[in-house]
Amino acid sequence: MNDASPNTRLAGNTPNPTPGAAAVLAGATASAGSPRPAVLSLAIKEKAALYAAYMPYLKNGGIFVPTTRVYQLGDEVYLILTLMEDPTKIPVAGKVIWVSPAGGGARQPGIGVHFPSDESGLNARRRIEEILGSALKSARPTHTL
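Participant: With reference to specific residues and values, describe the overall build of the protein chain.
Facilitator: When you go through the protein chain residue by residue, the secondary structure sums to 2 helices and 6 strands. Secondary structure elements of the protein chain, listed N to C terminal, follow the sequence β-β-α-β-β-β-β-α. Burial statistics for the protein chain: of 145 residues in total, 41% are counted as buried. As presented, the protein chain carries roughly 7,500 Å² of accessible surface, and 56% of it is formed by carbon and sulfur atoms.

Participant: Let's hear about the pattern of salt bridges: which residues, and what values?
Facilitator: Enumeration according to the criterion identifies 4 salt bridges in this entry. The partner of K95 in a salt bridge is E76, and the shortest N-O contact between them spans 3.8 Å. With K95 in strand β5 (residues 89-100) and E76 in strand β4 (residues 76-83), the pair connects residues that are 19 residues apart, well separated along the chain. Given a relative accessible area of 41%, K95 falls into the partly exposed group. What makes E76 partly exposed here is its relative accessible area of 42%. The residue R127 makes a salt bridge to D86 at a minimum N-O spacing of 3.8 Å. Taken together, the residues span a long stretch of sequence, with R127 in helix α2 (residues 119-132) and D86 in the loop between β4 and β5 at a distance of 41 residues. Through salt bridges with shared partners, a single network forms among D86, R127 and E130.

Participant: Could you give an account of the side chain of S100, with specific residues and numbers?
Facilitator: Position of S100 among the secondary structure elements: in strand β5. With a relative accessible area of 2%, S100 lands in the buried category. For S100, the side chain forms a polar contact with the side chain of W98, separated by 3.3 Å.

Participant: So what about the nonpolar core? Which residues, and what values?
Facilitator: I63, L81 and I128 are the most contacted members of the largest nonpolar core, which totals 28 residues. Contributing elements (two or more residues each) for this core: β2 (38-44), α1 (47-53), β3 (62-66), β4, β5, β6 (110-114) and α2. When sequence neighbours within four positions are dropped, the list of residues in contact with L81 reads L42, I63, T88, K89, I90, V92, F115, A124 and I128.

Participant: Explain unusual backbone geometry to me, and be specific about the residues and the numbers.
Facilitator: One non-glycine residue with positive phi stands out, namely M84, at about 55°. As for its placement among the helices and strands, M84 is situated in the loop between β4 and β5. A residue is classified by how much of its surface remains accessible, and M84, at 21% relative accessible area, is partly exposed.

Participant: Go over the pairing of β4, please, and point to the residues and values.
Facilitator: For β2 and β4, the ladder comprises 7 bridges, and the chain directions are parallel. Note on β4: the bridge partner recorded for A38 is V77. Inspection of the sheet shows β4 paired to β5 by 7 bridges, in the antiparallel sense. Its bridge partner lying in β5, L79 is registered against V92.

Cut-off values and rules
Residues numbered from 1 in each chain as written. Predicted model: local features only at pLDDT ≥ 70, side-chain atom pairs only at ≥ 80, totals over all residues. Heavy atoms only, no water. Helix = DSSP H or I, 4+ residues; strand = E, 2+ residues; numbered from the N terminus. Buried < 20%, exposed > 50% of the residue type's maximum accessible area, 1.4 Å probe, protein only. Areas by Shrake-Rupley, 256 points an atom, 1.4 Å probe, with all protein chains shown as cover. Salt bridge = Lys/Arg side-chain N within 4 Å of Asp/Glu carboxyl O. Polar contact = N/O pair within 3.5 Å; in protein donor to acceptor, adjacent residues only side chain to side chain. Core = buried A, V, L, I, M, F, W, Y, C linked by side-chain atoms within 4.5 Å. Contact = heavy atoms within 4.5 Å. Pairing = 2+ DSSP bridges.

Structural data, given as structure tokens:
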């Protein structure tokens, strides 16, 4: 079934790497005792890639960010989202709530980032759900379920 440890959830049958999505480390990394969160940039150019990355079942929504960098559950990250062809960047701070480590076989390595309940998180969730529309009801597998 799933070879994940208790702190790890791995994606279902999703291709590796994800076409249409790119994550870039853009700043400092979070580490023990460090008050600065890691800064990541995620550009998603295809609706199918956005569907696979979005985590609508979280209270405030969230997104899967492909990365091979090591993160711990609870790490804070600052994410700059670029969606589809829209040049507007969506800044959002969040917490790591999902870790798929590198070396997980055919599974996409990365982290799940839970959006905050503030304006930035609500804005990110609203924009993603506008783009996905009726695709949110699909039963297709994603990176996290």
